[in-house]
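Here is what each chain is made of, one letter per residue.
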Amino acid sequence: QVQLVESGGGLVQAGGSLRLSCAASGLTFSRYTMGWFRQAPGKERDFVTAINWNGGNTYYADSVKGRFTISRDNTKKTVYLQMNKLKPEDTADYYCAAKTKAYTDYESRNDYGYWGQGNQDTVSS
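In this text the structure is predicted, and so the values were computed from the model without any measurement.

Criteria and thresholds
Residues numbered from 1 in each chain as written. Predicted model: local features only at pLDDT ≥ 70, side-chain atom pairs only at ≥ 80, totals over all residues. Heavy atoms only, no water. Helix = DSSP H or I, 4+ residues; strand = E, 2+ residues; numbered from the N terminus. Buried < 20%, exposed > 50% of the residue type's maximum accessible area, 1.4 Å probe, protein only. Contact = heavy atoms within 4.5 Å. Areas by Shrake-Rupley, 256 points an atom, 1.4 Å probe, with all protein chains shown as cover. Lys, Arg positive; Asp, Glu negative; His and termini not counted. Charge placed at Lys NZ, Arg CZ, Asp CG, Glu CD. Disulfide = S-S within 2.5 Å. Pairing = 2+ DSSP bridges. Salt bridge = Lys/Arg side-chain N within 4 Å of Asp/Glu carboxyl O. Phe/Tyr/Trp six-rings, centres within 6.5 Å; stacked < 30°, edge-to-face > 60°.

*Asks:* Any chance you could explain the overall build of the protein here in plain terms?
*Replies:* Per the secondary structure count, the protein includes zero helices and 11 strands. The N-to-C order of helical and strand elements in the protein reads β-β-β-β-β-β-β-β-β-β-β. Projected onto its principal axes, the C-alpha coordinates of the protein cover approximately 40 × 25 × 25 Å. Looking at the protein as a whole, 41% of its 125 residues are labelled buried. Pairs at least 24 residues apart make up 56% of the contacts formed inside the protein by residues separated by at least 6 positions. With an accessible surface of roughly 6,700 Å², the protein has 43% of that area assigned to carbon and sulfur atoms. Averaging the coordinates of the 15 positive side-chain charges in the protein and doing the same for the 12 negative ones gives two points 5 Å apart.

*Asks:* What is the right way to read the state of the cysteines from this model?
*Replies:* Tallied over the entire structure, the rule returns one disulfide. With a sulfur-sulfur separation of 1.9 Å, C22 is cross-linked through a disulfide to C96. Measuring handedness by torsion sign, the sulfur bridge of C22 and C96 sits at about 45° and is right-handed. With C22 in strand β3 (residues 18–25) and C96 in strand β9 (residues 92–99), the pair connects residues that are 74 residues apart, well separated along the chain. With a relative accessible area of 0%, C22 lands in the buried category.

*Asks:* Explain the pairing of β3 here, please?
*Replies:* Moving residue by residue along a regular strand, the side chains alternate between the two faces of the sheet. The sheet contact formed by strand β1 (residues 3–8) and β3 spans six bridges and is antiparallel. Considered in β3, the bridge of Q3 is made with S25.

*Asks:* Looking at this structure, how should I read the pattern of salt bridges?
*Replies:* Opposite charge on two side chains permits them to pair, given that their charged atoms come into close proximity. By the definition in use, this model includes five salt bridges. When salt bridges with common partners are traced through the structure, they connect R38, R67 and D90 into a single cluster.

*Asks:* Looking at this structure, how should I read the packing of aromatic side chains?
*Replies:* Each aromatic ring pair is described using two quantities: the centre-to-centre distance and the angle formed by the ring planes. Using the criterion set out here, one finds eight aromatic pairs in the structure. Ring plane angle 70° and centroid distance 6.3 Å describe the contact between Y32 and Y114, whose orientation is recorded as edge-to-face. You can see Y32 sitting in the loop between β3 and β4 (34–39) and its partner Y114 sitting in strand β10 (residues 112–115), a full 82 residues away along the chain. Look at F37 and Y112: their rings are 4.9 Å apart centre to centre, the planes differ by 75°, and that puts the pair in the edge-to-face class. Taken as a pair, F37 in strand β4 and Y112 in strand β10 lie far apart in primary sequence, 75 residues in all. The pair formed by F37 and Y112 is uniform in burial state, with each residue classed as buried.

*Asks:* Help me understand unusual backbone geometry in this model?
*Replies:* With the exception of glycine, most residues fall at negative phi, and the peptide bonds are largely trans. Phi at K77 is positive, roughly 55°, even though this residue is not glycine. Its location among the elements puts K77 in the loop between β7 (68–73) and β8 (78–83). Here K77 falls in the partly exposed class, since its relative accessible area comes to 36%. Its identity is not glycine, yet K85 carries a phi of approximately 50°, on the positive side. As for its position among the elements, K85 is in the loop between β8 and β9.

Structure (structure tokens):
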């Protein structure tokens, strides 16, 4: 049984930082591109960032470039999201996901077959 368990995050003031972790089990973690998505209240779940199997390639939504950093540790089967210079508009539930479709767009949530339960993060102004 595949499990992705997010941790970290919470409430922070604008300009602050948060770090999310996502620990995976039940899958060969090093084979998967991993991504982070977020969903604000009343909105769709949007792509934030992704990292390929060995960490050699990373991808970011324009809205987070230069502020967020994705990384992974395959020995720990964990992917991380470091979020700096947070803004109120970053407030959302953050989800990690494993991409199960190869050779497709890394931004499409439909190409990720395994999801975490979500982690609520609030940035106050």
